[in-house]
Amino acid sequence: EPFHGFVGRAVAMSALERLLSPEAEESVAWLCGYTGLGKTTLATHLARWLVRTGRFSRVVYTRFTGGCLPEVALHDLYSCLLGEAHTPDQSDPLTALTEALDQTPTLILWDDIETVLPDGEQPWPAAQLAAAHDLIIRLTNGASRLCLLANTPALPAQAEALAPTDQVSVLT
């Protein structure tokens, strides 16, 4: 049995683990593949492994199916990192969040992200995509990492609208 306990996906586990390591040049990784291939299972199993081994302190998972708004992802992050009772500062709501991410290395998983891209089922307007793009840069500037899961056989054509291409690694 592999050291991480996940049988049959050791190569993919190791590759994704390298992409999400603190030593990796990129802070955003895309995990692409057809529906039903086990992307979410792979990513969540690896996330549990990386927390157990101390690489990350916690994991925050958000699923974007059904037109999830960027505010939902922010709510998930606030709830996990700062607690349900925390009220964001209206003048700069991300300061406390980015400080918490700097202090607590966190693996952020955003699943079914292709649904909000321009050709997706529930596309975000350009302004929301731009805001999410800026948010990704800000959230992954320190020790935390983001894994974007997409139900596409390859990196979606509009991926650059969401994550800077110099920060993206693809594992298919």
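Draft legend 1. Seen up close, the environment of His-75. Among the structural elements, His-75 can be located in helix α3 (residues 70-82). A C-alpha to C-alpha distance of 9.6 Å links His-75 and Thr-62, two positions 13 residues apart in sequence.

Draft legend 2. Up close: the pattern of salt bridges. Tallying each qualifying case throughout the model produces two salt bridges. Among the ionic pairs, Glu-17 bridges to Arg-55, the shortest N-O distance being 2.8 Å. Taken as a pair, Glu-17 in helix α1 (residues 10-19) and Arg-55 in the loop between α2 (39-52) and β2 (58-63) lie far apart in primary sequence, 38 residues in all. Under the relative-accessibility criterion, Glu-17 is labelled buried at 13%. Across the salt bridge formed by Arg-63 and Asp-112, the nearest N and O atoms sit 2.6 Å from each other.

Draft legend 3. Inspection of the nonpolar core at higher detail. In terms of nonpolar packing, the biggest core is built from 31 residues, with Trp-30, Phe-64, Leu-97, Trp-110, Ile-113, Leu-148 and Leu-162 touching the most fellow members. Taken together, the elements giving at least two residues each to this core come down to β1 (28-32), α3, α4 (95-103), β3 (106-111), α5 (126-139) and β4 (145-150). Considering each element in turn, this core owes the most residues, five residues, to α5. The next biggest cluster of nonpolar side chains, apart from the first, holds 20 residues, and it includes Leu-16, Ala-29, Leu-42 and Ala-43.

Conventions and cut-offs
- Residues numbered from 1 in each chain as written.
- Predicted model: local features only at pLDDT ≥ 70, side-chain atom pairs only at ≥ 80, totals over all residues.
- Heavy atoms only, no water.
- Helix = DSSP H or I, 4+ residues; strand = E, 2+ residues; numbered from the N terminus.
- Salt bridge = Lys/Arg side-chain N within 4 Å of Asp/Glu carboxyl O.
- Buried < 20%, exposed > 50% of the residue type's maximum accessible area, 1.4 Å probe, protein only.
- Core = buried A, V, L, I, M, F, W, Y, C linked by side-chain atoms within 4.5 Å.

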